[in-house]
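Geometric and topological summary
Residue strings, one per chain:
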Amino acid sequence: MFSHGGATILVHVMLLGFPLLVTALFLTLPARRAAMWSCLIAALFLPEGAYGFRGLPEYSKYSALSVVLVVSALLDGGRPFRIRLSWVDLPIL
């Protein structure tokens, strides 16, 4: 289940408690600041390790951070959906 052997209980608490911390940040701070703090906390304090389940992608430090960024984009008041693209942006897409 956990891919790095010898993990202490603190590793499990941090990886599984990170979504609760992010939820608290999004409830108390504006979406941009909550996303910024979530990225910093994930990059600096989440341990290397991953949970693997059959049929699902592994849950690791990087997947937790990716979920935070997607949720923050969706909770930012529809701002990502107001972007007006032009023909210059075509190679990026």
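As a reminder, the structure under discussion sits directly above these lines.
Cut-offs used in this document
- Residues numbered from 1 in each chain as written.
- Predicted model: local features only at pLDDT ≥ 70, side-chain atom pairs only at ≥ 80, totals over all residues.
- Heavy atoms only, no water.
- Salt bridge = Lys/Arg side-chain N within 4 Å of Asp/Glu carboxyl O.
- Helix = DSSP H or I, 4+ residues; strand = E, 2+ residues; numbered from the N terminus.
- Core = buried A, V, L, I, M, F, W, Y, C linked by side-chain atoms within 4.5 Å.
- Buried < 20%, exposed > 50% of the residue type's maximum accessible area, 1.4 Å probe, protein only.
- Contact = heavy atoms within 4.5 Å.
- Axes fitted to C-alpha atoms, helices over the stretch in contact; angles between N-to-C directions.
- Parallel < 35°, antiparallel > 145°, perpendicular 65-115°, else oblique.
- Left-handed = near helix turned anticlockwise from the far one by under 90°.
- Expected span 1.5 Å × (residues − 1).
- Arc of directions from axis to C-beta.

1. What about the pattern of salt bridges?
Summed over all chains, the structure comprises 1 salt bridge. Residue Glu48 pairs with Lys61 through a salt bridge whose shortest N-O separation is 3.6 Å. In this pair, Glu48 is assigned in the loop between α2 (31–45) and β1 (50–51) and Lys61 in helix α3 (residues 61–74), connecting sequence segments 13 residues apart.

2. Concerning the nonpolar core
Counting 15 residues, the largest nonpolar core has Leu15, Phe18, Val22, Phe26, Ala42 and Leu46 as the members making the most contacts within it. Elements supplying a minimum of two residues to this core: α1 (9–28), α2 and α3. With 6 residues, α1 is the single largest residue contributor to this core. In this view, Phe26 contacts Ala31, Ala34, Ala35, Ser38, Val68, Ser72 and Leu75; residues no more than four positions away in its chain are not counted.

3. Quick look at the packing of α1 against α2
Running from amino to carboxyl end, α1 crosses α2 at an angle of 160°, the nearest separation of the two axes being 9 Å. Compared by their axis directions, α1 and α2 come out roughly antiparallel. Read as a crossing pair, α1 and α2 show a hand that is right-handed. Along the contact surface, α1 presents Met14, Phe18, Leu21, Val22, Leu25 and Phe26, while α2 presents Ala31, Ala34, Ala35, Trp37, Ser38, Ile41, Ala42 and Phe45.

4. Observations concerning α2
Here α2 is 15 residues long and its end C-alpha atoms lie 21 Å apart, about the 21 Å a rise of 1.5 Å per residue gives. Turning to α2, its buried residues number three or more, namely Ala31, Ala34, Ala35, Ser38 and Ala42. Relative to the axis of α2, the buried residues are bounded by an arc of 100° and lie together on one face. Away from the buried face of α2 by more than 90 degrees, exposed residues Arg32, Arg33, Leu44 and Phe45 are located. Tucked inside the fold, the buried residues of α2 contact α1 and α3.

Nothing here speaks to function; it is all geometry.
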